[in-house]
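# What the coordinates show
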Amino acid sequence: MTVKVRSFAKINLGLHIGAKRADGFHELLTVYQTIGLHDVIRVSVERGNGIEIRCEDPRVPKDESNTCFRIVERAMDKLRARRRIVVEIAKRLPVQGGLGGASSNAVAAMLGLERALKKSLGREERLGIAAEVGSDLPLFLIGGTVLGVGRGEQVYPLEDSPVLHCVVVTPEIGVPTPKAFAEWDRRIALGPKPMAPSVPDAALKGRSPTLNSSTSKLTVDSVSDRINELSRGLSAWLSEAFLSQADSGAPVRGRAENPLLALVRAGIENDFEQVVFPEYPELREVKRALVRAGAKYASLSGSGSTLYGLFASRVDAVHAAARLTEQGWTAQATATLTRTQYWRRIFGR
Ligand code: C5P
């Protein structure tokens, strides 16, 4: 039996890097947003044992280092299932591109595996396995607009942002995330940097009492009023920012009295730009090109190399993508996916 699953990409609407932790990871504050671009994953269950990864893209590892391999191995173990599993990845998203492709592929493989085996993992088991495989996997178990804290694996569903029309530019550059974090640390060591804001503890109170020790910090069933308030603030700010801001990149300041500032800031800046742009100047050029093509807001996604621009309408986004393509960039127009659209389309036709 073969199950087909769409594996959607994410962008980061702001990303603040905080302190390096004892375990080597960095504290993060980010807002993830799922978008319409996707890979296609096919999971087949066959007689026998073992896991096989198939992908025509030579840059995708086929061995046990592949995120799909790692998640299937863990899920099979938890499900106590013994079969031969084949995962086929039809790759369209960039590799090491900042769109969460490998993470999304893994979550799609786990969801496909459950369907193919007609067995189900528990919600918390799924989240636990996802977080074990990588920091930005759990977001794909929520979809839509998602607050990410901790090392990025603690995820909170936010009220969906309004549908944003975007252009995604994928330069032929792979930025290794650990290298970008290392460069950030090197810069921090050179001089004092303002610490990234964190969501006040109070905002994360009110977690579901059903969540227990191992996964209690991963996500929440019913979000607190505080998170809802933050979420509405972000949503309102985003609409205002991308519809009325004349040029990109310039964050709206002077709102220090606003308790939503920390989250709103996370919605408008990506700290990785400070280390990735000096290393790959071409990416700064792409951001400028997006703004020249009419983006109301443009940013690096994750540690790059993908950049995206937000546009006031679909027509603007389509025109901008055409213009950027003429200029020689690989550009695609797409739109953000709400949580409902995301889940409807994962298994849809
Ligand atoms: O969790 P993931 O496997 O995606 O992380 C890859 C690498 O990125 C980690 O080994 C670590 O070097 C770095 N990282 C980090 N802080 C985070 C997330 C990732 O330093 N919050």
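The rules we used
- Residues numbered from 1 in each chain as written.
- Predicted model: local features only at pLDDT ≥ 70, side-chain atom pairs only at ≥ 80, totals over all residues.
- Heavy atoms only, no water.
- Helix = DSSP H or I, 4+ residues; strand = E, 2+ residues; numbered from the N terminus.
- Expected span 1.5 Å × (residues − 1).
- Buried < 20%, exposed > 50% of the residue type's maximum accessible area, 1.4 Å probe, protein only.
- Arc of directions from axis to C-beta.
- Contact = heavy atoms within 4.5 Å.
- Pairing = 2+ DSSP bridges.
- Axes fitted to C-alpha atoms, helices over the stretch in contact; angles between N-to-C directions.
- 1 Å grid on protein atoms, 1.4 Å probe; cavity = no way out; pocket = protein on both sides within 12 Å on 5 of 7 lines; lining within 4 Å.
- Points joined across faces, edges and corners; volume = space filled by probe spheres on them.
- Nonpolar A, V, L, I, M, F, W, Y, C, P; charged D, E, K, R; others polar.
- Domains from an automatic or database assignment.
- Phe/Tyr/Trp six-rings, centres within 6.5 Å; stacked < 30°, edge-to-face > 60°.
- Lys NZ or Arg CZ within 6 Å of the ring centre and 35° of its normal.

This part takes up helix α8 (residues 281-292). A rise of 1.5 Å per residue sets the reference length of α8, with its 12 residues, at 16 Å; its end C-alpha atoms lie 17 Å apart and thus fit the reference within 8%. Every buried residue of α8 is accounted for by Leu283, Val286, Lys287, Ala289 and Leu290. When α8 is viewed along its axis, its buried side chains cluster within an angular range of 160° and face the same direction. Among the exposed residues of α8, those pointing more than 90 degrees away from its buried face are Pro281 and Arg292. Of the surrounding elements, those touching the buried residues of α8 are β7 (165-169), α7 (272-279), β8 (297-300), β9 (307-311) and α9 (314-326).

With that out of the way, let us pick up the sheet that holds β9. Remark on secondary structure: sheet strands pair via backbone hydrogen bonds, oriented parallel or antiparallel. Across the sheet, 4 strands lie side by side as β8-β9-β7-β10; this open sheet has antiparallel pairing. Edge positions in the open sheet fall to β8 and β10 (331-335), since each of these has one partner strand only. For this sheet, the mean angle separating the axes of adjacent strands, direction not counted, is 25°. Packed onto the sheet, α9 meets β7, β9 and β10 and runs at close to 15° relative to β7.

Put simply, the largest pocket is a space of about 1200 Å³. Contributing to the lining of the largest pocket are 46 residues, with Ala102, Ser103, Asp136, Thr177 and Pro178 lying nearest its centre. Within the residue set of the lining of the largest pocket, elements represented by two or more residues are β1 (2-20), β2 (26-46), α1 (67-79), α2 (101-117), α3 (123-133) and α4 (177-190). The element best represented in the lining of the largest pocket is α2, accounting for 4 residues. Looking at the lining of the largest pocket residue by residue, the class counts come to 20 nonpolar, 19 polar and 7 charged. Counting the residues that make up the lining of the largest pocket, at least three belong to each of domain 1 (2-159 + 340-346) and domain 2 (165-209 + 223-336).

Per the counting criterion, the structure on display carries 4 aromatic pairs. Ring geometry for Phe8 versus Tyr342: centroids 5.8 Å apart, planes at 55°, classification tilted. Of this pair, Phe8 sits in strand β1 while Tyr342 sits in helix α10 (residues 339-346); the two residues are 334 residues apart in sequence, bridging distant segments of the chain. Residue Phe8 shares its accessibility class with Tyr342, and that shared class is buried. Members of the aromatic cluster, each reached through a chain of ring pairs, are Phe8, Tyr342 and Trp343. Seen from the ring of Phe347, Arg115 lies directly overhead, with NZ or CZ sitting 3.7 Å from the centre.

Next up on the list: unusual backbone geometry. For the bond running from Gly304 to Ser305, omega is 15°, close enough to zero to count as cis. Structurally, the position occupied by Ser305 is in the loop between β8 and β9. Of note, the phi angle at Gln96 is positive, near 55°, even though the residue is not glycine. As for its position among the elements, Gln96 is in the loop between β4 (84-90) and α2. When its relative accessible area of 47% is taken as the criterion, Gln96 is described as partly exposed. Although it is not a glycine, Lys118 sits at a positive phi angle of roughly 55°. Structurally, the position occupied by Lys118 is in the loop between α2 and α3. Its relative accessible area of 68% is what places Lys118 among the exposed residues.

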